[in-house]
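Per-entry structural report
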Amino acid sequence: MNTLKFKEKILLLRLKKKDPDAFAQIYDLYVTPIYRFIYFKVSTHQDAEDLTSEVFLRTWNYIVENDEEIFNLRALLYRTARNLVIDLYRKRARVDLVREEEVLLNIEDDRQQSLLSEIETRSDMKNIEMFLRKMKDEYREIIILRFIEEFSIDEISKILDKSKGAVRVLIHRALNVLRDLIQKNEK
Amino acid sequence: MKNKDIIKSIQELKNISPRSEWQSLNRDFLLQKITADQPVLKVQWFNYLQFSIKIFGQKLFEPAVAMLLMLGIFSGSSLIVNAAFYSMPGDNLYRLKIALENTHVAITSSEEKKVELKMEFAKNRLEELDKIVKQPDVNSDVKKEMINMVVKEFKNNVVSVKDHIEKINTSQPQSVENREKTLRMALTVSSQTNELAQSLDKKSEGLTDEEKINMGDVMADAVASAQETVLSAKGLIGGEAAKDSQGEIKGEEYTIQDNTVQPNSDDSSLNDSNGDDSGSEKIDDTESETTQDIIQ
């Protein structure tokens with residue numbers, strides 16, 4: 001067991017006892033990677049910040065209210081983040097269907113956002129982020145988990161609730177798609 | 001662009017991080033929220049103990065750890081058994097060696113096999129005696145104690161061989177095949193015990209005069225026990241041969257000689273000769289021929 005995992009276990013033990021210091025330590029340890037993970041899934045910094053905050057609050061509530069044993073805190077945080085992003089998209093889609101007028105506004109807003117985002121990425125960030133954003137969410141997610149957050153195949157399979165084989169295939173396909181995107185752009 | 005280059009540029013995205021002011025403000029906000037309505041419980045020492053036990057348990061059942069543990073136990077026990085095998089009287093593991101030998105005998109079901117094992121162990125005792133006698137830098141008291149122990153164990157072995165033979169002798173009538181086996185075994189025991197008795201005598205020659213005086217009685221006692229075992233074996237041979245001569249075995253293939261079938265007066269005298277070198281040689285005169293002659 002590596003030091004981080006051991007530290008995580010100790011923090012979990014303290015978290016069960018509603019220790020705010022333990023929560024603060026977990027926050028300091030994971031706020032950046034969770035934010036980054038969400039940031040690539042949503043289009044704005046604002047959404048990323050709101051969802052990141054919500055992830056920590058939900059995780060706290062889940063740990064102190066449930067007796068269920070948690071084996072991997074990191075995986076739990078990412079799973080919560082993933083579910084919150086899905087919830088956000090679902091909520092937006094529902095609202096879009098009910099209020100047609102707002103749909104148009106939203107589309108406009110989304111277009112503006114993506115345009116702004118594109119300008120932002122072109123000016124400030126590396127091209128690779130732009131290509132990542134053009135990819136299917138499933139592929140983008142696996143690339144972030146594997147190569148940015150450096151999760152093991154086993155951990156990814158737990159977060160995504162997929163088999164290890166399926167995770168390997170997904171990584172392979174995602175890399176191929178990304179390479180194709182880059183090559184098309186170079187041409 | 002190769003996958004390696006793509007991965008490298010993806011990893012550069014690690015630089016993306018939230019605004020630091022938001023990070024600290026959000027931290028305070030969350031801490032305020034979680035501590036608002038919930039009392040803090042202190043983590044007790046037994047919580048840490050439970051946690052340690054759980055972690056230890058999880059580690060223990062990890063395949064690699066479990067394999068290593070099993071390997072450790074297996075190789076550790078093999079090393080101890082191996083060390084015990086080469087131990088000498090006075091060593092800590094010598095008792096273990098004797099216990100292992102006794103266990104080996106206890107788990108053997110066949111009486112014949114038990115006798116074979118006991119004979120083997122008696123031989124081991126003589127080899128140990130040989131080594132002890134050859135040890136140069138050992139205090140005579142220690143040597144005496146070691147010899148005493150080895151000879152005592154030797155005597156135990158030959159006495160139990162005798163007991164086993166008597167047990168076979170008094171057991172139920174056997175089939176033709178079993179009787180043949182018993183006869184073979186009895187002959188082997190008779191011959192080998194005789195050799196052991198001789199060997200014991202020879203080995204005692206390596207002792208100093210003082211040691212000979214000290215150990216004389218013990219040695220003589222062991223030789224006498226060996227000779228008693230020879231006699232028992234011969235008695236068994238006699239009994240089996242008598243049954244054969246009464247025509248119980250059809251298609252008889254044995255050629256029985258008088259001097260081996262009946263324990264003769266020379267053999268009886270051996271029993272009384274405690275420690276006399278000539279005694280064991282007399283037995284050998286008859287035995288060397290009989291072993292090969294009786295069973296074709």
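Residues numbered from 1 in each chain as written. Chains lettered and ligands numbered in written order. Predicted model: local features only at pLDDT ≥ 70, side-chain atom pairs only at ≥ 80, totals over all residues.

The next point concerns the packing of helix α2 (residues 20-39) of chain A against helix α2 (residues 20-36) of chain B. Running from N to C, α2 of chain A and α2 of chain B cross one another at 150°; their axes reach a closest spacing of 10 Å. The angle between α2 of chain A and α2 of chain B falls in the class roughly antiparallel. For the element pair α2 of chain A and α2 of chain B, the recorded crossing hand is right-handed. Where α2 of chain A approaches α2 of chain B, its residues Pro20, Phe23, Ala24, Tyr27 and Val31 of chain A are matched on the opposing element by Gln23, Arg27, Leu30, Leu31, Ile34 and Thr35 of chain B. Counted by class, the contact of α2 of chain A with α2 of chain B contains 8 nonpolar, 2 polar and 1 charged residues. (Axes fitted to C-alpha atoms, helices over the stretch in contact; angles between N-to-C directions. Helix = DSSP H or I, 4+ residues; strand = E, 2+ residues; numbered from the N terminus. Parallel < 35°, antiparallel > 145°, perpendicular 65-115°, else oblique. Left-handed = near helix turned anticlockwise from the far one by under 90°. Contact = placed C-beta atoms within 7 Å. Nonpolar A, V, L, I, M, F, W, Y, C, P; charged D, E, K, R; others polar.)

Bringing the confidence of the model for chain A into the picture now. Residue and element names in this part refer to chain A. Looking at chain A, the pLDDT average stands at 81 and 80% of residues meet or exceed 70. Per-element averaging of pLDDT across chain A places helix α5 (residues 100-124) at the bottom with 50 and α2 at the top with 92. Considering only residues more than four positions removed or in separate chains, one finds that residues 100-105, a stretch of pLDDT under 50, has 3 contacts. (pLDDT = per-residue confidence, 0-100.)

We now examine α2 of chain B. Taking 1.5 Å of rise per residue, 17 residues should cover 24 Å, and α2 of chain B covers 24 Å from first to last C-alpha, within 8% of that figure. On its buried face, α2 of chain B sits against α2 and α3 (45-65) of chain A. (Expected span 1.5 Å × (residues − 1).)

Moving on to unusual backbone geometry. Residue and element names in this part refer to chain A. A positive phi angle, close to 55°, is found at Glu150, a residue other than glycine. Looking at the secondary structure, you find Glu150 in the loop between α7 (137-148) and α8 (153-160). Here Glu150 falls in the exposed class, since 11 other C-beta atoms lie within 10 Å of it. Even without being glycine, Asp161 reaches a positive phi, approximately 60°. Mapped onto the elements of the fold, Asp161 is located in the loop between α8 and α9 (164-186). (Buried ≥ 20, exposed ≤ 12 C-beta atoms within 10 Å, placed from the backbone.)

All names here are of chain B. Within the element layout of this structure, Val189 appears in helix α8 (residues 176-205). Looking at Val189, the number of C-beta atoms within 10 Å reads 27, which means it is buried. C-alpha separation for the pair Val189 and Ala233, spaced 44 residues apart in sequence, amounts to 6.5 Å. When residues no more than four places from it in sequence are discounted, the contact partners of Val189 are Val115, Met119, Val161, Ile165, Thr229 and Ala233.

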